[in-house]
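# Examination of the molecular architecture
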Amino acid sequence: MGGSDSIVSPGSATYREFVRLYAVASRIAPTPVDRWSGVLRALHTPPGEPERWGAFDPRSGDISLSAELVLPHLTGPAPGVAGPAQGQALATVLHEATHARMETDAPHEPNAVRTNESLGLIEAFAEYRAVQQFETFAVAAGYPDVYLTTPQYPGWYAAMDDLVRQVSGPVKSRAAFLDEAIRGPGAMHFDQLADSVVKNRLTHDVPAGEKDQRAARAALIPAMAHRLWPSLRARPAESGLMVANEIRQHLDAQVDKIRHYYRGSPGQPYPAEAPNPTAIQLSPDNGLAMSDPKGRTEPAAGVDLRFLSGQAPASGATARRPSLGQGARGSGGPVRRDPHRGTDRDRS
Amino acid sequence: MPLDAHEFTLALAHAKEHLEQDPTVDVAAEQDRLRALVPADASEDDKRWTTILIDRLAEPPPAPPQRSALYDQAAEIHAAAFAAEGSIDEQIATAREARRRIFALAEQADEDEAADIRAMTRPLEHWENELRDPPWPIEGSRGQGS
């Protein structure tokens, strides 16, 4: 990747301030997972290389932050100049904390989306969270005068903001989606958005049982997994709007189909194809329970196989069947790490 | 009783959402609801930061800053980098070059705007990282056309 890094001494003021900020991020939005190893690295940029803001490494659990753009601004609560550079530094901390405090993958979830689009959505969500919760985070952390300007250009933040606004409503608000998605897993963000659509627009149509709810969400996901998620086209003035309009049309059409289906009292879930059919293979019919994103459990075999098997996929649904290699990362199970415990690793 | 910072954060987000959606919402009532979430015996620090955020609810949001042509140029580079075709390696190279160009533009911008222009590289940098080491197999492969 270029550049070098060095471990920030746990005894340093910078390290202690990062730990404090990480704790604030967790306090305002607790999650069931903490993947941070407790190791903080300083990224140094060699001459001629573009600087890097930072990263969370899911293999080691280490967090790296720029020695130029981020770490010098973690000064702690103190009067002084609070310019946009400090705002972007704190936003980077919040972005990396978002990644570190949720699982990325969810291989056992039928509605997990494990595609390029999902990678884009995961990054878009981390940026979205960093902007949406910035003020609360900064003020709670003792930086009341630091500010962050909302991005004024098409890109992941704008696309995510538009998508969240589209799916939100009186039953499940934007704030409720944000709160849910912060807990992850990242591969379930599309499912969490689809859940907003079901709750807000199909409240009286889709039965409350998890089989029907999950099938409806599965049918809605392809409408949102726009092919341009990771690649918003050039001509910025038009690209974000174009994607938003296309998604809106696809969502509206799919909502109508689901509503029409259930008004016929079919007695079985909407015939949708799960985005992650490999979840069925990973969860053999041996009675192993699969958890759903809300933390409930139910038998893996049965409904999921039924609504996946032999039935025509929803019109317009994209049949993505990623070949899940054995080297795929992530266990999907919740992991707790003590930030002060060192560098124990749970991922291959 | 300690402050439930999660509950407060969620309630604050709901209040902001209500105010944005309906300008006729009673701001004072929203503020009262939030104050009720802060226990009388909460820590002084928790009282301090929650009070700041509650007070700010009544303030008009700041106007978006005027942006220069440099900001627009950087935004265009940012968007074009995500539209890159080709192999994974080529997409990584495109994102990297875009970051280099955006940082160069930031050097020409005034201090306030420079930080926000530089920040456009953060999603590109993370996208590069995801392409290099995705958590699941992704379309296209290293060194091959996609």
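Residues numbered from 1 in each chain as written. Chains lettered and ligands numbered in written order. Predicted model: local features only at pLDDT ≥ 70, side-chain atom pairs only at ≥ 80, totals over all residues.

## A short note on the packing of helix α2 (residues 84-100) of chain A against helix α3 (residues 116-132) of chain A
Residue and element names in this part refer to chain A. At a minimum axis separation of 8 Å, α2 and α3 run at an interaxial angle of 130°. Here α3 runs oblique to α2, going by the angle between their axes. Regarding α2 and α3, the two cross each other, and that crossing is right-handed. Contacts between α2 and α3 involve A91, L94, H95, T98 and H99 from the former and A126, E127, R129 and A130 from the latter. Class assignment for the residues of the contact of α2 with α3 results in 4 nonpolar, 3 polar and 2 charged. (Axes fitted to C-alpha atoms, helices over the stretch in contact; angles between N-to-C directions. Helix = DSSP H or I, 4+ residues; strand = E, 2+ residues; numbered from the N terminus. Parallel < 35°, antiparallel > 145°, perpendicular 65-115°, else oblique. Left-handed = near helix turned anticlockwise from the far one by under 90°. Contact = placed C-beta atoms within 7 Å. Nonpolar A, V, L, I, M, F, W, Y, C, P; charged D, E, K, R; others polar.)

## Focus: the sheet that holds strand β4 (residues 63-66) of chain A
Residue and element names in this part refer to chain A. Taken in spatial order, the 4 strands line up as β1-β2-β4-β3 in an open sheet, and their pairing is mixed. Single-partner strands in this sheet number two, and they are β1 (4-7) and β3 (54-56). Neighbour to neighbour, the strand axes of the sheet diverge by 25° on average, direction disregarded. Bridge count for β3 against β4 is 3 bridges, and the pairing is antiparallel. Bridge pairing in β4 places F56 opposite I63. (Pairing = 2+ DSSP bridges.)

## With respect to the environment of E117 of chain A
All names here are of chain A. With respect to the helices and strands, E117 occurs in helix α3. Given 24 C-beta atoms within 10 Å, E117 falls into the buried group. Counting along the chain gives 107 residues from E117 to M224, while the straight-line C-alpha distance between them is 9.4 Å. (Buried ≥ 20, exposed ≤ 12 C-beta atoms within 10 Å, placed from the backbone.)

## A closer look at the nonpolar core
Soluble globular proteins tend to pack their nonpolar side chains together in the buried interior. Counting residues in each nonpolar core, the largest one holds 123 residues, and the members touching the most others are F137 and M224 of chain A. Setting aside anything within four residues of it in sequence, one finds F137 of chain A in contact with V24, A25, I28, L90 and L94 of chain A. (Core = buried A, V, L, I, M, F, W, Y, C linked by C-beta atoms within 7 Å.)

## Observations regarding helix α6 (residues 111-119) of chain B
Taking burial as the measure, the 9 residues of α6 of chain B include 7 buried ones, the bulk of the element. Among all positions of α6 of chain B, only E113, A114, A115, D116, I117, R118 and A119 of chain B are buried. The elements touched by buried residues of α6 of chain B are α2 of chain A together with α4 (69-82), α5 (88-108) and α7 (121-132) of chain B.

## Quick word on the domain arrangement of chain B
The assigned domain composition of chain B is domain 1 (5-56) and domain 2 (69-132). For domain 1 of chain B and domain 2 of chain B, the distance between their C-alpha centroids amounts to 37 Å. (Domains from an automatic or database assignment.)

## Focus: the interface of chain B and chain A
Taken residue by residue, the interface counts 46 residues in chain B and 54 residues in chain A. Split by residue class, the side of chain B that touches chain A holds 25 nonpolar, 7 polar and 14 charged.

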